Amino acid sequence: MNSLLLAAVLAARPPAGPSVALPWFTGASIAGAVRVVAPADAPRAVPGTSGPGIRPDRAVPIEDPVLRRERGMISFWIRPEWDGGDGRSHRLLRIGDPARNGLLVEKAATGMLRFVMASPRKVTAARADVSGWRAGEWHHVAVAWMDREGKPLGLPLWVDRVAVDGPVAADNDFLDPAAMQDRRVWLGDASSQAVLDELIFRDRLDAEGPPGQAAVVYRDYFRTAPYRRIAVDPDSSRVASDRRVVAGFQKQFGLLAGGDGRGMERVTDFAVRYGQWAEFDAKPCIRWTTSDPSVATVDANGLVTGRRVGRCRLTAEFRGMRASYALEVIPVERPDLDLVCVERLPRYRAEEVKNEPAPGDPVELVAWVCNYGYRPVPAGAVVRFELLPDGNGNFRLDPGERRATVQETALDAPLEPGERRDVRFRWRWPAGPVWVRVSLDPADRVEEICEANNARCELNTGRPLRFAYDEKVRRACHEERKINLVGSFSYFDWFHAEKARLDQLVRETVLPTTSPDGIQDAFRTDCFYALRHGKWEEEPWVVAEPFFDGGFPVNEPVNVMAIDAAIIHEFGHTCLALPDLYGYPMKADRVFLKDDAGSLFAGGPLMPVIDAHGTLPLSSANNVPCGVGYNSLMNFCHLWLHPAQAGQVQHFRGFRGSRFWGTQGRFIPNREHLLRVYDVEDRPLAGAAVYVYHVSQTEAQDAGTKYFADRPKFMGNTDAQGVFRFPGATDEDWDDPSTDTVDGAVPVWNPFGCVKSGSGSPPDTAFTPNVWTVEGLLLVKVVSGAGTEFSWMPLTEFNEAFFRGERFRGLYTLRTSLPPASGVTPVVRRPVPEAIRKTNLRPVAVADAEVTVRCGAEVTLDGSRSRDPEGQPLLYRWQVSEGDASPRESAEAVYRGKAPAKPGTVVLRFDVLDGVRCSETITVRVKVEGPPAGP
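Quick caveat: nothing in here was measured; it's all calculated off a predicted structure.

**Q** What am I meant to see in the overall build of the protein here?
**A** If you tally the helices and strands in the protein, you get nine helices and 58 strands. The burial tally for the protein puts 58% of its 935 residues in the buried class. Put simply, 69% of the contacts in the protein that link residues at least 6 apart link residues at least 24 apart. Of the roughly 36,900 Å² of accessible surface on the protein, 51% is carried by carbon and sulfur atoms.

**Q** Please explain helix H3 (residues 471-479) as it appears in this structure.
**A** Note that an α-helix has 3.6 residues per turn; residues three or four places apart therefore point the same way. If you check which residues of H3 are buried, you get Arg474, Ala476, Cys477 and His478. Its side-chain oxygen at 2.9 Å from the backbone nitrogen of Lys472, Asp470 defines the N-terminal cap of H3.

**Q** Would you mind showing me how to read the side chain of Ser75 here?
**A** Tracing the backbone through its elements, the reader meets Ser75 in strand E6 (residues 72-80). Ser75 sits in the buried class, given a relative accessible area of 2%.

**Q** Please clarify how the sheet that holds strand E47 (residues 723-725) should be interpreted in this entry.
**A** Note on sheets: strands pair through backbone hydrogen bonds, and any given pair is parallel or antiparallel. Ordered in space as E47-E42-E51, the three strands form an open sheet in which the pairing is mixed. Two strands close off the open sheet at either side, each with one partner strand: E47 and strand E51 (809-815). The sheet shows a mean angle of 25° between the axes of neighbouring strands, direction not considered. Looking at chain direction, strand E42 (residues 672-678) and E47 are connected through three bridges and run antiparallel. Its bridge partner lying in E47, Leu674 is registered against Arg725.

**Q** Just to check I follow, could you spell out helix H6 (residues 565-574) for this structure?
**A** Burial runs high along H6: 10 of the 10 residues are buried. Three or more residues of H6 are buried, namely Ala565, Ala566, Ile567, Ile568, His569, Glu570, Phe571, Gly572, His573 and Thr574.

**Q** Hey, could you run me through the confidence of the model for the protein in this one?
**A** Close inspection of predicted coordinates is inappropriate in any region flagged by low pLDDT. When pLDDT is averaged along the protein, the result is 83; 81% of the residues meet or exceed 70. pLDDT under 50 marks residues 513-518. Its contacts with residues more than four places away, or in other chains, come to 17 contacts. Segment residues 737-774 is flagged for pLDDT under 50; beyond a separation of four residues in sequence, or across chains, it makes 115 contacts in the model.

**Q** Explanation requested: the pairing of strand E11 (residues 139-145) in the structure shown.
**A** Counted residue by residue, E11 has seven buried out of seven residues, so it is predominantly covered. Side-chain alternation along E11 places His139, Val141, Val143 and Trp145 on one buried face and His140, Ala142 and Ala144 on a second face that is also buried. Where E6 meets E11, seven bridges bridge the pair, whose relative direction is antiparallel. For Ile74, the partnering residue across the bridge sits in E11 and is Val143. Sheet topology places E11 next to strand E14 (residues 157-159); three bridges connect them, and they run antiparallel. Directly across from Val141, in E14, lies its bridge partner Val159.

**Q** Any chance you could explain the pattern of salt bridges here in plain terms?
**A** Close approach of charged atoms allows side chains with opposite charge to pair. Tallying each qualifying case throughout the model produces 56 salt bridges. Salt-bridge contacts for Arg437 lead to Glu386; the nearest nitrogen and oxygen are separated by 3.1 Å. Of the two residues, Arg437 sits in strand E34 (residues 434-440) while Glu386 sits in strand E31 (residues 382-389), which places them 51 residues apart along the sequence. Accessibility expressed as a relative area gives 25% for Arg437, which makes it partly exposed. Between Arg420 and Asp422 there is a salt bridge; the shortest N-O distance is 3.0 Å.

Basis of the calculations
Residues numbered from 1 in each chain as written. Predicted model: local features only at pLDDT ≥ 70, side-chain atom pairs only at ≥ 80, totals over all residues. Heavy atoms only, no water. Helix = DSSP H or I, 4+ residues; strand = E, 2+ residues; numbered from the N terminus. Buried < 20%, exposed > 50% of the residue type's maximum accessible area, 1.4 Å probe, protein only. Contact = heavy atoms within 4.5 Å. Areas by Shrake-Rupley, 256 points an atom, 1.4 Å probe, with all protein chains shown as cover. Polar contact = N/O pair within 3.5 Å; in protein donor to acceptor, adjacent residues only side chain to side chain. Pairing = 2+ DSSP bridges. Axes fitted to C-alpha atoms, helices over the stretch in contact; angles between N-to-C directions. pLDDT = per-residue confidence, 0-100. Salt bridge = Lys/Arg side-chain N within 4 Å of Asp/Glu carboxyl O.

Spelled out as structure tokens, the structure:
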């Protein structure tokens, strides 16, 4: 097809409707997909993921009718015959000329998987370190390119369902049909040495629904993964639950799939609130049935309802495979022992080291034993207490760890439905860590509703947590018979399920990846408190706060049949001391950096806007390149952590503070901070000019008032190894005393400074880089010759080196798409007006403190009388903090909006900035009186 005809076809293609192309060897079934026939000289078929694949021994041409220059996605599976660190290059896929106008996916000799897009003016590379790949293992790769309103946005690279990179594209001439003689896709060549399968081309990134590109990647992954077997999963929410179904009630089942040495992985998930990969998992591809609908029925999502006591089989069909499960439906009229928690006495204040007694001290445990069934628990039910030394010291109860102490007691009277009884055990505090296991009815002599809530096993050195709950909700769960995901009618079991899901995240992600020391903290549930709904400071949960290291008061609607991502997000604060990562994205109108022509970078090709709210591409801390990647636990609450974020849990490891949720992070002030900068070919970028801008923020402590001023905090060049060393002092023209402290006797910059200027706090003071305070965010500009790039960087990345054993350096790697320059790129210092060089006074915000308007009337608030002592131009910030008014934000000197239709009070915050310093925030109250104003 010639270039003019191709351009006409691209222009004529309707934008609506899915556009998918599947080459001849792709076995996936996708509605509306176009099948691409095999060329006459196609390589012979070889075993692929679940059908035939190909092993290219030369470049294989594929006629693709769907890819567009504006946006597209290509995904495939690869089984290399090489290790990722073999020191050789292996080409996997290309379109056009990867050096001037095309696309390339390759495994480079450096061990990096590289996705390169090139135009005549710009080459952009996304990459991921795959040196750990091993020959014979399957991996899923997806590459995409996208635009917003015709402007290029970014180039996400996905590996095994994780968006590992996504640099800004900065050019919209990729895949220009007018400049390409051949726009076919060429798969592999003689260097590939790999089996490739399930190649899918798409020109829409939202084909699977609202989650957008993430949904497409996940669904295509599940459609095409090399699964050989499936199994029904009775623990569908990844936490222990009863294997049976209660007559008259529901139980959720999921599905596992595995094969080719991959082990069994979950292809379904069930969660509520905020974004979840459960929204785009494999559920639509599974067919569920039961053998006897009179015993139990099942819906399309695997939710089983028990109809009568009896047995039948539950069957799942997925991608031509079948799995069955023996269902047992039991009666609800039974007792149900529930171990609510295990208190430890005496308690120590949280300021004490690890809240621990000394070896040999007497300790008492109080087991809260309840009956959340509907028949009495008979007298004689056994409660067992065991100590098991943690011989491996790995925060896991391993099979080889044997119990050293056993105590048992029996209930001396029946336990009535809804009744609680405390069972006490006494022991001596050991010299080393031990697992403390308490179990109810260990011989399983009592026929119960739920057998999954009878034991707790926690490390004695775990930090004590306590949780508060609404007594009305707890009582309603039992009295109104609201079954939960564990299979019981105990509200506490739902609590434990949420906490167990968090524990799973930590075990699976942080432990094997963070450091040689692994996780340095464990947690145990020590107590529950019922909220009194009185004054907050008088609540028992708050009064007892000094004795605990975290928890969460749940006083909101709860779906007890699901994992609640919002609750686990809060557990991230209270248990792991993680910050709100969604505080990092910046709005374009709050980044004041300008180019040589005086135009703002924000909103341009180097710093494009990613959504309708004017947000710039996100921080790497979120692992959400270009706003379309996979979100973490602390960013819109996906219940999964990528290993790249494992260090975040360590970085913010618990330190008690006075904040609402009790724990905050602590920056580790290494003696030296380094940036290692690489060029587009993953070589050290020598002689580049580096400008580091530090986020500023008003004392209002909210996400709306953070900004980047057009004055770098640090400037300098990279050395011959591409390393930029942060100086021991900030630039002499920088005026921000609250963040210019240094670390100890060695003059190394401490980026978090003090809590308040002049407060005398130590330089490693606690901080919380979230939506309230974001001092921990940098914007880095790198200039190499005529090329410029920007990168966001959370300062806690420096801690990574510390946790991996390096005690004196914080090292952060920055991979750019810049070419090397012929020499050293000059560092340009813009002149600073003499009046503000050493003393830049804060501007003053001026506005009326109170105005009165009618319901629904226009609101005008005048801030134009604000002033700057040095006469610098001002930037204005209005924000609605209480009540409802439209708009909620304004950057004009005069706020013009509309009052709500009902009487009340609207509170706005107003401050002004001079580009570096911010005024004190003033409060403006708008009294809204009814009835509405007339026409």
